[in-house]
Amino acid sequence: VETVEQFLGLRVHETLEALYLNVRAGKIPTLEGLLGYYGGRWQETWHEGVRIRQPDLTAEDYRRLGERQLEVYYRRHHPFDRDHTLAVERRILFPLDAEREVWFMGYLDRLSRSADGLWEIRDYKTGQYLPSQAMLDEDRQLGLYHLGVRHLWPTASEIELVWHYLAHDLEMRSRRSPQSLEELKRETLA
């Protein structure tokens, strides 16, 4: 069963992927063009099996919610030149153990590099839930992505984890020590 929240998240992710693929190609879409893309993808992929649990909200309410999140994000980050996008929706696959028997696979929403050389693993969240900083500092998903980026690009010495909470227009960050990454690897293997 697909919930409307999952559906909205997928459409926003697709739209941000299209945005940054265009930016990498040297073309910055207009806000109207970006929202048009989002609206088109919403219409093309909407189906009656999408479950809406809140009886006072409609599919249109959720569509507008995603549109507002994209508009706020666009206005905050335009002209998208604060960092260089290295990859969007990039699959990472790497071994967690020295014997190469246990592998991890995931998909980075976006990987970027700042002008001062900081690598940033970016994750986009469309839901209303906002975790504490302590929870983000323990987040397993982006911690594992950190391990994957270090495996694939060993010269990426400075890496920061970045969450974009689009419903709150909030960016939250975390860094991992080598010790915490080793502990994450041990816990995951266990």
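See above for the structure.
Criteria and thresholds
- Residues numbered from 1 in each chain as written.
- Predicted model: local features only at pLDDT ≥ 70, side-chain atom pairs only at ≥ 80, totals over all residues.
- Heavy atoms only, no water.
- Helix = DSSP H or I, 4+ residues; strand = E, 2+ residues; numbered from the N terminus.
- Rg over C-alpha atoms; globule rule 2.2 N^0.38 Å.
- Buried < 20%, exposed > 50% of the residue type's maximum accessible area, 1.4 Å probe, protein only.
- Contact = heavy atoms within 4.5 Å.
- Expected span 1.5 Å × (residues − 1).
- Polar contact = N/O pair within 3.5 Å; in protein donor to acceptor, adjacent residues only side chain to side chain.
- Pairing = 2+ DSSP bridges.
- Salt bridge = Lys/Arg side-chain N within 4 Å of Asp/Glu carboxyl O.
- 1 Å grid on protein atoms, 1.4 Å probe; cavity = no way out; pocket = protein on both sides within 12 Å on 5 of 7 lines; lining within 4 Å.
- Points joined across faces, edges and corners; volume = space filled by probe spheres on them.

Visitor: How would you summarise the overall build of the chain if you had to cite specific residues and measurements?
Guide: If you tally the helices and strands in the chain, you get six helices and five strands. For 190 residues, the compact-globule estimate of 2.2 N^0.38 gives 16 Å, and the C-alpha radius of gyration of the chain, at 18 Å, lies within 12% of that figure. If you line up the chain on its principal axes, its C-alpha atoms span 50 × 40 × 30 Å. Buried residues in the chain amount to 43% of all 190 residues. For the chain, restricting intrachain contacts to residue pairs at least 6 apart in sequence, the fraction spanning at least 24 positions comes to 68%.

Visitor: Got a sec to walk through helix α5 (residues 140–152)? Specific residues and values, please.
Guide: Counted at 1.5 Å a residue, the expected span for α5 with its 13 residues is 18 Å, and the 18 Å between its end C-alpha atoms agrees. Three or more residues of α5 are buried, namely L142, G143, L144, Y145, H146, L147, G148 and V149. Check the buried side of α5 and you find it contacts β1 (83–95), β2 (103–114), β3 (119–125), β4 (159–165) and α6 (178–189). The N-cap of α5, judged by a side-chain oxygen 3.2 Å from the amide nitrogen of Q141 a few residues on, is D139.

Visitor: With reference to specific residues and values, describe the pairing of β3.
Guide: Residues in a regular strand project their side chains so that they alternate between the two faces of the sheet. With six of seven residues buried, β3 lies mostly within the body of the structure. Summarising the sheet, β2 and β3 pair through four bridges and their orientation is antiparallel. Its bridge partner being in β3, R113 is matched across the sheet by W119. Between β2 and the antiparallel strand that follows it, β3, lie four residues; G117 among them carries a positive phi value of about 95°. Relative to β4, β3 runs parallel, the two being bridged by seven bridges. For K125, the partnering residue across the bridge sits in β4 and is Y165.

Visitor: Quick rundown of the side chain of E160? Include the residues and the values.
Guide: By the secondary structure assignment, E160 is in strand β4. A polar contact of 2.3 Å, which involves the side chain of E160, links it to the side chain of R173. For E160, the residues in contact, after removing those within four places along its chain, are L118, W119, E120, I121, R173, S174 and R175.

Visitor: Let's hear about the pattern of salt bridges: which residues, and what values?
Guide: By the definition in use, this model includes 23 salt bridges. Residue E60 is joined to R64 by a salt bridge in which the shortest nitrogen-to-oxygen separation is 3.6 Å. A residue pair is termed a helical-turn pair when its members lie 3 or 4 positions apart in one helix, as E60 and R64 do in helix α3 (residues 59–77) at four residues. Here E60 falls in the partly exposed class, since its relative accessible area comes to 35%. The class of R64 is partly exposed, set by a relative accessible area of 35%. One network of salt bridges, with partners in common, ties together D83, R110, E120, R122, E158, E160, E171, R173 and R175.

Visitor: Give a description of empty space enclosed by the protein that names residues and reports values.
Guide: Under the defined criterion, the tally for this structure stands at one cavity of 30 Å³ or more. Estimates place the volume of the largest cavity at around 50 Å³. Forming the walls of the largest cavity are H13, L16, E17, Y20, V88, E89, D109, R110 and Y124. Of all elements in the fold, only α1 (4–24), β1 and β2 reach the threshold of two or more residues within the lining of the largest cavity. Considering each element in turn, the lining of the largest cavity owes the most residues, four residues, to α1.

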